[in-house]
Amino acid sequence: MTVVEELPIVVGVDGSEASLRAVEWAADEAALRGTALRLVHASLWERYEGVSPEGALTEPSEQVMAEDIVGAAERRARGRQPEVKVSTEVLPEEPEYALVRESRDAGLLVLGNRGHRGLTEALLGSVSLTVAAHAHCPVIVLRGDQDTRGGAGRHGRILLGVGDRREAVAFALREAELRGAELAAVRAWWCPAYETTDLPLLAGAPARAHEQAAVERLAEALGEAPEGLTLRRRTVEGHARQVLSAASRDADLLVVGARRKSGHRGLPLGRTVHDALHHSACPVAVVPEWT
């Protein structure tokens, strides 16, 4: 059954193939949710070329390019999901600022993983990284080498990195239920070297304590999972960033939480989230968790 959401899915587009793949993925998600799709391109062409004088016969070249970019994105979206309501807008400002502002009135914000200038496949574009760090709604970043199927995906599995707060858990539960997918919830743990002991009777005790704490945290976090949801719990020894990167190979979406502090001006992405955005083998949903 289609779930209707009032807030649209917003996609940042820049003319790159990665952003057009993000448009296709977001169109599938909009169809699944029964919501609208908003395609936004932010450009500073007005600052550098000025607004066209009244009565001018031609538009500034950068304005034409910006309109071509959103036009191509709109055609890609309509070709993918003809029934989805699509709107477009060109905003004369820095992409980072424009998209963070757009996130205030969005249900999801979807981005490709590299800008028009491009980096290597392993790296994330600076715009995507900044927006993921400051957005007010969940941000989904697609890796450049992923297929563009949204919805249930090819694996039928949502991967959740279980941290210390509940917003990411609630988001992952909703996504798995909406897609009819399995939820694989993972809690990583490790035992610091200074806690180990050479005493035979106590060997392994510190590690067992850390593992048990992870088991208990996992059970607590998933205590409100809806009945009927296929749920797989795992505790894995190792650093969370490495554990999640490995597990993402068999998932359609990795969900992680990013803490936000009111008035905080730094980059509020922890190392686990930062590494997930750079190295995940599947799209990554970064869910803001306000403190």
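The rules we used
Residues numbered from 1 in each chain as written. Predicted model: local features only at pLDDT ≥ 70, side-chain atom pairs only at ≥ 80, totals over all residues. Heavy atoms only, no water. Buried < 20%, exposed > 50% of the residue type's maximum accessible area, 1.4 Å probe, protein only. Helix = DSSP H or I, 4+ residues; strand = E, 2+ residues; numbered from the N terminus. Arc of directions from axis to C-beta. Contact = heavy atoms within 4.5 Å. Pairing = 2+ DSSP bridges. Salt bridge = Lys/Arg side-chain N within 4 Å of Asp/Glu carboxyl O. Axes fitted to C-alpha atoms, helices over the stretch in contact; angles between N-to-C directions. Left-handed = near helix turned anticlockwise from the far one by under 90°. Nonpolar A, V, L, I, M, F, W, Y, C, P; charged D, E, K, R; others polar.

Caption draft 1: Representation of helix 8 (residues 240-247). Among all positions of helix 8, only Val 243, Leu 244 and Ala 247 are buried. Angular distribution of buried residues about the axis of helix 8 spans 95°; they occupy a single face of the element. Those residues of helix 8 that are buried are in contact with strand 6 (157-161), strand 7 (182-189), strand 8 (231-237), strand 9 (253-260) and helix 9 (271-279).

Caption draft 2: Spotlight on the pairing of strand 7. For strand 7, a buried count of seven out of eight residues is recorded, marking the element as mostly surrounded by other parts of the structure. In the sheet, strand 6 pairs with strand 7 via five bridges, with the strands oriented parallel. Looking across to strand 7, one finds that Ile 158 is bridged to Leu 183.

Caption draft 3: Geometry of the pattern of salt bridges. With the rule as written, the count across this model stands at 16 salt bridges. In this structure, Glu 175 and Arg 179 form a salt bridge, with 2.9 Å as the shortest nitrogen-oxygen distance. Taken together, the residues span about one helical turn, with Glu 175 and Arg 179 both in helix 6 (residues 167-179) at a distance of four residues. Using a relative accessible area of 5% as the deciding quantity, one classes Glu 175 as buried. On the basis of relative accessible area, Arg 179 is assigned to the buried category, the value being 9%.

Caption draft 4: Representation of the packing of helix 4 (residues 95-102) against helix 5 (residues 126-134) within the structure. One can describe the packing of helix 4 onto helix 5 by two numbers: an axis separation of 9 Å at closest approach and a directional angle of 35°. In the crossing of helix 4 with helix 5, the sense of the turn from one axis to the other is right-handed. Along its contact with helix 4, which presents Pro 95, Glu 96, Leu 99 and Val 100, the element helix 5 presents Val 127, Thr 130, Val 131 and His 134. Grouping the amino acids of the contact of helix 4 with helix 5 by side-chain chemistry returns five nonpolar, two polar and one charged.

Caption draft 5: Focus on the environment of Val 70. Mapped onto the secondary structure, Val 70 falls in helix 3 (residues 61-80). Judged by its relative accessible area of 6%, Val 70 is buried. Taking the C-alpha atoms as reference, Val 70 lies 6.8 Å from Leu 39; in sequence the two are 31 residues apart. When sequence neighbours within four positions are dropped, the list of residues in contact with Val 70 reads Val 13, His 41, Thr 88, Glu 89 and Val 90.

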